[in-house]
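Structural description and commentary
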Amino acid sequence: MLEGLFDEDADFIAAETAINEGSGDRLPAPPSRRAACGLSGIRNQGATCYLNSLLQTLLYTPEFRESLFQLGTEDLGHLKDKDKQEAKVRVIPIQLQRLFARLLLLDQQSASTSELTDSFGWTNNEELQQHDVQELNRILFSAVESSLVGTKGQNLISKLYHGAIVNQIICQECGRISEREEDFLDLTLPVAGFQGLEEAFNSFYNEMELMSGNNQYRCEVCRKLVDAKKGAKLRALPTVLTVSLLRFSYDFVKNERYKETGKFTFPMDIDMAPFCEKIASGGDTMYELFSVVIHRGSGYGGHYQAYIRDFDCLGNWTSPEDEVIQLTPKPSSGSVDYIELGSADEVLAAVLVQEGGPTHTLTLDKLCQALISQTGVSWNKRFKKHCGPISKFLKAHDDTFDFDPVTKLVTLRSPSSEIDKKSTTDGAIKPDNGEKDAMTVDSTNSGNGQEEVEAMDTSVASGDGPEGSPKRLKENPPEHTERESCEKDIKPKRAPSPPPEEGHCWFDFNDSRVHPIKTKEIQKQFSGKQSAYMLFYRRKSLKRPDEAKGQRAYKIPKLLLEEIEIENAILEAEREKYDQALNTINIKLLQSKDFQTLNGALNFHYGADSNVVALEIDRRKTIADLKSEIFKLVGKNEMDQDIHLHIAKETPIGYHLYDCISGDDTKSLQDAGVCNDSQIFIWDGQQVNGVRVIPGKDTEPVLLCITYNLTTKEADELVKAFPRNLTVGELKAILFEVTGIPVYDIFLCQVLNKPVVLSRHTDTKTLHELNFEHGEKLTAENRKRLGGAARVRLAELEAERHSKMVSFIVENRCPHKDNYVELWPVLPIEISRDETVEALKNSILSKLGVKTENLKSGRERLRVDDEIVGLKPPLHEHQTVAGAGLVQGLRLVLEPGAPPKRDEITVTFTPGDPTSKNLDLEIIVDKSITVDMCLKLMLEKAGLEGNAWHLRKTNWCGEAMDVMDDLELTLEQEQVKNGDHLLIQEGRLPPRGYIRLPIYLYKTPDQGLAESNVGVLSWISASIASLMSGGSSSSTSLGDKTGEPIQIGIIEISKDATLADLKLQVMTLPTMMQISIPTVEFLRLRMIESHHPTRILRNMDQTLRRQKVTNGSNLCAQVLPKEEHLTQNFIVVNICKRIPNTRDYETEEELVWDVTRGATPQDLKQKIADRMLLQVEHIMIAKHIKDKYEWLVIDDDGNNGQAGKGRLTKSRKKGGYVPRVNLRQVPYYLKDGDTIGVKNLELETTDVDDFSTELDDLGKERLRQEAEERKQRRKESRARNEELNERESKDSDNKKSKRPEVGIRIHVGDFG
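To start, this report covers the structure provided alongside it. (Residues numbered from 1 in each chain as written. Predicted model: local features only at pLDDT ≥ 70, side-chain atom pairs only at ≥ 80, totals over all residues. Heavy atoms only, no water.)

**Here we look at the overall build of the protein chain**
- In terms of helices and strands, the protein chain carries 28 helices and 61 strands.
- Considering the protein chain as a whole, with its 1312 residues, one finds that 48% of them fall into the buried category.
- Within the protein chain, counting contacts between residues at least 6 apart in sequence, those at least 24 apart form 71% of the total.
- In the form shown here, the protein chain has an accessible surface area of approximately 63900 Å², with 48% of it arising from carbon and sulfur atoms. (Helix = DSSP H or I, 4+ residues; strand = E, 2+ residues; numbered from the N terminus. Buried < 20%, exposed > 50% of the residue type's maximum accessible area, 1.4 Å probe, protein only. Contact = heavy atoms within 4.5 Å. Areas by Shrake-Rupley, 256 points an atom, 1.4 Å probe, with all protein chains shown as cover.)

**Digging into the packing of helix H2 (residues 49-59) against helix H7 (residues 133-147)**
- Packing of H2 against H7 leaves a shortest axis separation of 9 Å and a crossing angle of 55 degrees. It follows from the interaxial angle that H2 and H7 lie oblique. Relative to H7, the crossing made by H2 is right-handed. Residues Tyr50, Leu51, Leu54, Leu55 and Leu58 of H2 pack against Val133, Leu136, Asn137, Leu140 and Phe141 of H7.
- Residue composition of the contact of H2 with H7, by class: 9 nonpolar, 1 polar and no charged. (Axes fitted to C-alpha atoms, helices over the stretch in contact; angles between N-to-C directions. Parallel < 35°, antiparallel > 145°, perpendicular 65-115°, else oblique. Left-handed = near helix turned anticlockwise from the far one by under 90°. Nonpolar A, V, L, I, M, F, W, Y, C, P; charged D, E, K, R; others polar.)

**Comments concerning the pattern of salt bridges**
- Applying the stated rule across the entire model yields 59 salt bridges.
- Between Asp594 and Lys593 there is a salt bridge, with the nearest N and O atoms lying 3.4 Å from each other.
- Its salt-bridge partner being Glu895, residue Arg861 comes within 2.9 Å of it at the nearest N-O pair. Placement of the pair is Arg861 in strand S42 (residues 860-866) and Glu895 in strand S44 (residues 891-896), with a sequence separation of 34 residues. Side by side, Arg861 and Glu895 carry an identical accessibility label, which is buried.
- A cluster of three or more residues bridged by salt bridges with shared partners is formed by Arg98, Arg102, Glu115, Glu563 and Glu567. (Salt bridge = Lys/Arg side-chain N within 4 Å of Asp/Glu carboxyl O.)

**Considering H7**
- Between its terminal C-alpha atoms H7 stretches 20 Å, which fits the 21 Å expected from 15 residues at 1.5 Å a residue.
- Among all positions in H7, only Val133, Gln134, Leu136, Asn137, Leu140, Phe141, Ala143, Val144 and Ser147 are buried.
- Its side-chain oxygen 3.3 Å from the backbone nitrogen of Gln134, Asp132 forms the N-cap of H7. (Expected span 1.5 Å × (residues − 1). Polar contact = N/O pair within 3.5 Å; in protein donor to acceptor, adjacent residues only side chain to side chain.)

**Concerning the environment of Glu895**
- Classification of Glu895 as buried rests on a relative accessible area of 11%.
- The spatial distance from the C-alpha of Glu895 to the C-alpha of Arg861 is 5.7 Å, given a sequence separation of 34 residues.
- Setting aside chain neighbours within four positions, we find Glu895 in contact with Cys814, Arg859, Glu860, Arg861 and Arg863.
- For Glu895, the side chain forms a polar contact with the side chain of Arg861, separated by 2.9 Å.
- Among the polar contacts listed, one links the side chain of Glu895 to the side chain of Arg863, at a separation of 2.5 Å.

This is the structure:
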């Protein structure tokens, strides 16, 4: 009924994910330092806010914290011994100690609970399950109590939290009192129907209920039904009183759950005397509140946080109005410390810089969400009281922000770029001495810090937008009167309130973030969707010693202090390493000698792009250091000493030079604007290849396409790059030289969906001011030749034609220049969507100046150059532009090579392992050819020889998938499509219906037969031993471990062949021919799994298909000393005897066990005892679980593992049935190939249950490391991908998808 009740709120998860994400590109970001308050939070593992709130409450309960720290290693054991069976290590209390010590002393913003939850036995993503903090409180206390049994801390929970309630019934006739006492950890009180805590306590533990009428009580003394009074009293009060409030209910009429949000008050101090049964003289019944666990949300989801009082002054409390807001810096800032912000405009500006992209623009709702995720505070809580609504604040600060009330877009204006500069250079923005914003809570609107932005009518006109702002219509600047009205809404500051008394400071613990709060904030938790859920009171008479005040290390054991000191040192080293990696940038050095000037931009000479020099350097170094590195890499002799360095950026038509960074050699690279992947152009500052170059943003080239002479049959077109600072008047002057139209008579129109006339008033405006971009279309006509309406009509016709066209940027990669005039590296092209790709290619070639007779030569083809996947397959020329999926703005590549024909497809392939560094190759084939023919063509292209190869398909990320084993199918039938990627892998495929089986020769098993090495078979054993040892010895016995298994061949056989047929083929292998095996009964075949021989193939007449032998199977061959006829009632296991008082075993022997008469542990032990000549009562056996490197002890009664849960055979005994364990079933699952360890208890009396070896220890350590790596990958994956899209609205009318409710479980060892 209550599933999903405690779901995490998506806002908090998003914020937590943003906090915990690493920001370094090369290294994971180290944990942030502690916040200004000095207290550490706890990271949310996904849905563990309920756990975090309770743990913080326990930490700041001084009596619990110090009692836990008093437990030493003599009580709890050592964590390093937790995997030893004989060591009783109490892991949960140890991990609690370590977590508390880290929260108190480790210099990080938040600590992780992963080690603690691992000690709970949570291995199945339990941290992603939402639970009730009240339920956790009881279960965690029970787990701690169970873990401390037998230690001096075994009464820790009962001494602090256990109380007693007595339920009484008083007979109204004889006065007899019937009572029942029960213990409690917390008192549960309903919220509905009560005004506050005292009223609820009075109703439940003071008032008596009269039992009369139909509800009379049968008195044992009066022996009849009588009137009676029924009630409950508190008999014993705990040191720490926990109160759980019942806020969640279920409406059976509406069939939905809901949260009680009505007002329910609770005092800071409470006297429990009126609710107690008896009060001893001088009894202590006064309690003071020290923790409030808050649930924020509805009956369908929410989030937990805690308000906690700091008794020992461990934190630094500052007034919330004066608290500095901390923002995590961008990686580009080069800082690992927080950016500190004070005023509201600084905070919003910094968030826009961090999250707003290159234009520093966000919608209003995303700005509010980013404010929460980056700083942990919302506008409503922190700023609204003194700054007003955020929309009015933005309008009032129009010198810093550009706010469009229609599109709700907020853009940071250029004057505020100083904030960006501070955040990327100094790493910190210091609060100014201006307004300090107060923090207040609006309980009715505290979800995501965003209030509704009211629509505002504005008059829209074409104006000049700020530099870097998006290309859109701008609103008129707010009038002065409007700004004044906005400023009037900002309330005047109040005088700061006095700080709380010492030991009375409260803090808000909200997962990773901790903030100081005022005491009055607690009163706001009386009601609403954010309201109190658990209350923790402490005896008021408990006083804290003076030496505990402000001392976080108070009572912490020395071992923990040393551990924290080491961890702090490691953290500092990680921060230094991260700081170094974060500030190391890679830049590219471009030399002017490799460039030429084409169409207003810098382009490489053909082939000169390989001369680019890569340099790795610290961004904190100076320009002088950069010059020194340049001279080292390039050479002083090759350039002048007075070099000029400019930042170069690539534009669609080539490179352009921007800021000069070589003016001040003392300036750092970071201050000069050099960042990762920057390209530095080295030149003389005047000319490139004899052409003068003017650097700067204003002279950045923009490629325009100007059509003129529209009245003629074939209009002319001018495609040319112009500097952005060129005015329209200057553009007309250039057009005069090209078109011959007088400057004053040139009529210009910008071709958009509708033509936009560039009037004479725009002659003084620059191309930049008019927001012209690459590829803009213009029309130019003579005013005197046509009337005004006709001129506009021509522009409209051009605009209509333009609407049916798509434009691309084409890069020419054809190396030959036979038929070409001046080559452009890139050029724009425009064509109708209905034209073919062939027509598109011809149009490109025509623009490049290819001769007419060569237009259909088929020497060139087109590809799409995708930003993500790179070059796509060549385009089919019979398709239309629209049919080929070509859309506006794509980048095309013209390259040498024949295009694919109508029935051809392009397939890429990797020869060999897909994880290798082999380059991918490409082939164009007809889709009707067979897989076999395609494989041959690929092998020829890859230069691979032989026929032992096959093809496999791949998935979207290049991983090997299905084997293309039917060589006669066509590529079309195999559903191989254009652009698919295949793998060529070694290994020839068998014909259809056949399988290929690698055969490995293993040593002859030692079956403990005294005559195994004598007689007719002794020479066979010697031959096998010689093969296994490489021929170095001819006297090796069958039981010796000489040589490794060797592959003796590969057999190709039908799936319908029998086992006998397979054995005969194995016997014909050249290696086996040397042994001369008498009959197939002397040969055993087994499956190989995880490099170990396992299942034995039985039944000679059964087919391999029925034996489940497939293409992927590996088989093991063993030559036996005698004939073997095994049925399903035989199990073949390996037994090894442990060498007493060591961790080694003797050589393995093979045991063939007939289980017809029984498969119990006693039967197996008897069989082993008979083989090893031991007394059965003096041996202990265990099964080796190879993949886990563990040993499962086999008990006579089957009590080990999960024996009691399986299917058990029964034997009749006196008085009924006694279960008997079948070793072939749960939990042992004994099967062929298992290893059984044997101990002689007469010689080994210590650690009788320990069968492990040193190899097992190494294997477990490897598994542990692999598990840690997988866990880390899961955490990283959750941090990247978890956005909790399935969260429904908090409104009660929106139903939430139901999920099965899972209870909390904490696994505790047996310490009884």
